[in-house]
Amino acid sequence: MSIDYTLHDQLDHIVTITINRPEARNSLDMAHFRDLARAWAAFRDDANAWVAVVTGVGRDFCTGADLKRFIPELTGDLPRPDGWNKDDAIHAVLHRFPVYKPIVAAVNGTCVAGGFEMLSLTDIRVAVPEARFAVMEPKRGLFAGGGTTVRLPRQIPYAFAMELLLTADLLDAQRALAMGLINRVVAADRLMDTAYDYAARIAANAPLAVSATKQSAVEGLTLDLESAYDNETRHSNRIFDTEDAKEGPRAFAEKRPPRWRAR
């Protein structure tokens, strides 16, 4: 019943963030929103953490807020946990909390509401055949206010995005794959290996270059074309001034693996 944050070792630089609350379908009350937000902050700020894999325990990835506890905690009918911050809920699902390091989602089951919002802020998404996806809020008379209505039409074709947003229907993994919402569908016993394979292939690259590449791509979505090019040039100039930018060509010339120093 926790949020697990594990840095495998300082050599592979891969972090696993696990939502471990299967008895509540990996929904999040205030304490778990708080702990998940802290896990993302730890990943963002850890110089040895270059890539994250996020997943859940059991048959659900994340089903968003625990309405049986979270709403009573908000209204004061239940006590709030120590250390709760008003921004924890949106930061836990990565909304308005930029993390310019790659994040791989290993979707082990149902991914709806806040879980779907978090998914839309990950970079590579692998799912099991049993996974289901939905923007469920309209079925509950609620609104997906964690950025989904803004991001989704930018990530997949408009008609597909509106199908998800307006029907609030559950989507199976193959349909999500066809829409471009996820990258791959794999058997459950291959889910984590596939996610870690993506993470390892990313972590083999220069971390500052990877981070700048993600930042340029994400920022470019909100800029006009010329401004996006200018922003890309700014990131490019910064990376070409790093030690790793010298190490990469040197390693290539010497026919050896590069030794990245993230500086």
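Residues numbered from 1 in each chain as written. Predicted model: local features only at pLDDT ≥ 70, side-chain atom pairs only at ≥ 80, totals over all residues. Heavy atoms only, no water.

Under the annotation held in an unreviewed UniProt entry, the protein carries the name Carnitinyl-CoA dehydratase and is attributed to Mycobacterium attenuatum. The protein has a UniProt comment under Function (unreviewed entry) that states "Could possibly oxidize fatty acids using specific components." (UniProt positions renumbered as here; feature names shortened; annotations may be inferred.)

Draft legend 1. Spatial organisation of the sheet that holds strand 5 (residues 103–107). One open sheet accounts for 6 strands, arranged 1-2-3-5-7-10; its pairing is mixed. Bordering the open sheet on either side are strand 1 (2–7) and strand 10 (184–185), each of which pairs with just one other strand. For strand 1 and strand 2 (residues 14–20), the ladder comprises 6 bridges, and the chain directions are antiparallel. Across the sheet, the residue bridging to Ile-3 is Ile-19, located in strand 2. The sheet contacts of helix 1 (residues 30–45) involve strand 1, strand 2, strand 3 (51–56) and strand 5, and relative to strand 1 the element is tilted by about 15 degrees. (Pairing = 2+ DSSP bridges. Helix = DSSP H or I, 4+ residues; strand = E, 2+ residues; numbered from the N terminus. Contact = heavy atoms within 4.5 Å. Axes fitted to C-alpha atoms, helices over the stretch in contact; angles between N-to-C directions.)

Draft legend 2. Here's a closer look at the nonpolar core. Grouped together as the largest cluster of nonpolar side chains are 67 residues, with contacts concentrated most on Leu-36, Trp-40, Val-107, Met-118 and Phe-133. Sort the elements by how many residues they give to this core and helix 1 lands first, with 8 residues. Apart from residues no more than four positions distant in its own chain, Leu-36 is found in contact with Ile-3, Ile-17, Ile-19, Leu-28, Ala-92 and Met-118. (Core = buried A, V, L, I, M, F, W, Y, C linked by side-chain atoms within 4.5 Å. Buried < 20%, exposed > 50% of the residue type's maximum accessible area, 1.4 Å probe, protein only.)

Draft legend 3. Quick look at the pattern of salt bridges. Tallying each qualifying case throughout the model produces 16 salt bridges. The shortest N-O distance in the salt bridge between Arg-21 and Asp-66 comes to 3.0 Å. Linking Arg-21 in the loop between strand 2 and helix 1 with Asp-66 in the loop between strand 4 (60–62) and helix 2 (70–75), this pair joins segments that are 45 residues apart in sequence. Each member of the pair Arg-21 and Asp-66 is classed as buried. (Salt bridge = Lys/Arg side-chain N within 4 Å of Asp/Glu carboxyl O.)

Draft legend 4. Inspection of the environment of Trp-84 at higher detail. Along the chain, the position of Trp-84 falls in the loop between helix 2 and helix 3 (88–92). By relative accessible area, which is 17% here, Trp-84 ends up buried. Residues Trp-84 and Asp-35, spaced 49 residues apart in sequence, show a C-alpha to C-alpha distance of 9.2 Å.

Draft legend 5. Examining the domain arrangement of the protein more closely. Its domain assignment divides the protein into domain 1 (3–204) and domain 2 (207–254). Using C-alpha coordinates to define each centre, domain 1 is positioned 27 Å away from domain 2. Taken together, the 10 residues of domain 1 in the interface contact 8 residues of domain 2. Together domain 1 and domain 2 conceal approximately 730 Å² of surface at their shared face, both sides included; 65% is due to carbon and sulfur atoms. For domain 1, the biggest contributors to the area lost against domain 2 are Trp-50, Tyr-100 and Arg-154; these three give 69% of the whole. (Domains from an automatic or database assignment. Buried area = accessible area lost by both parts, 1.4 Å probe.)

Draft legend 6. The arrangement of the side chain of Lys-101 in detail. Within the secondary structure, Lys-101 sits in the loop between helix 3 and strand 5. As a buried residue without a salt bridge, Lys-101 has its nearest oppositely charged side chain in Asp-46, at a separation of 6.1 Å. For Lys-101, the side chain forms a polar contact with the main-chain oxygen of Arg-44, separated by 3.3 Å. In this structure the side chain of Lys-101 is engaged in a polar contact, spanning 2.8 Å, whose partner is the backbone oxygen of Ala-49. Setting aside chain neighbours within four positions, we find Lys-101 in contact with Phe-43, Arg-44, Asp-45, Asp-46, Ala-49, Trp-50, Asp-123 and Lys-214. (Lys, Arg positive; Asp, Glu negative; His and termini not counted. Polar contact = N/O pair within 3.5 Å; in protein donor to acceptor, adjacent residues only side chain to side chain.)

Draft legend 7. Representation of the state of the cysteines within the structure. Tallied over the entire structure, the rule returns 0 disulfides. Here Cys-62 stays unpaired: no disulfide links it, and the sulfur of Cys-111, its closest cysteine neighbor, is 7.3 Å away. (Disulfide = S-S within 2.5 Å.)

Draft legend 8. Just unusual backbone geometry, in detail. Of note, Asn-26 is a non-glycine position whose phi angle comes to about 55 degrees, a positive value. Residue Asn-26 is classed as buried on the basis of its relative accessible area of 0%.

Draft legend 9. Here's a closer look at the packing of helix 5 (residues 148–155) against helix 6 (residues 158–167). For the pair helix 5 and helix 6, the least separation of the axes is 7 Å and the interaxial angle reads 145 degrees. Judged by the twist between their axes, the crossing of helix 5 over helix 6 is right-handed. On helix 6, the residues touching Thr-148, Thr-149, Leu-152 and Pro-153 of helix 5 are Tyr-158, Ala-161, Leu-164 and Leu-165. (Left-handed = near helix turned anticlockwise from the far one by under 90°.)

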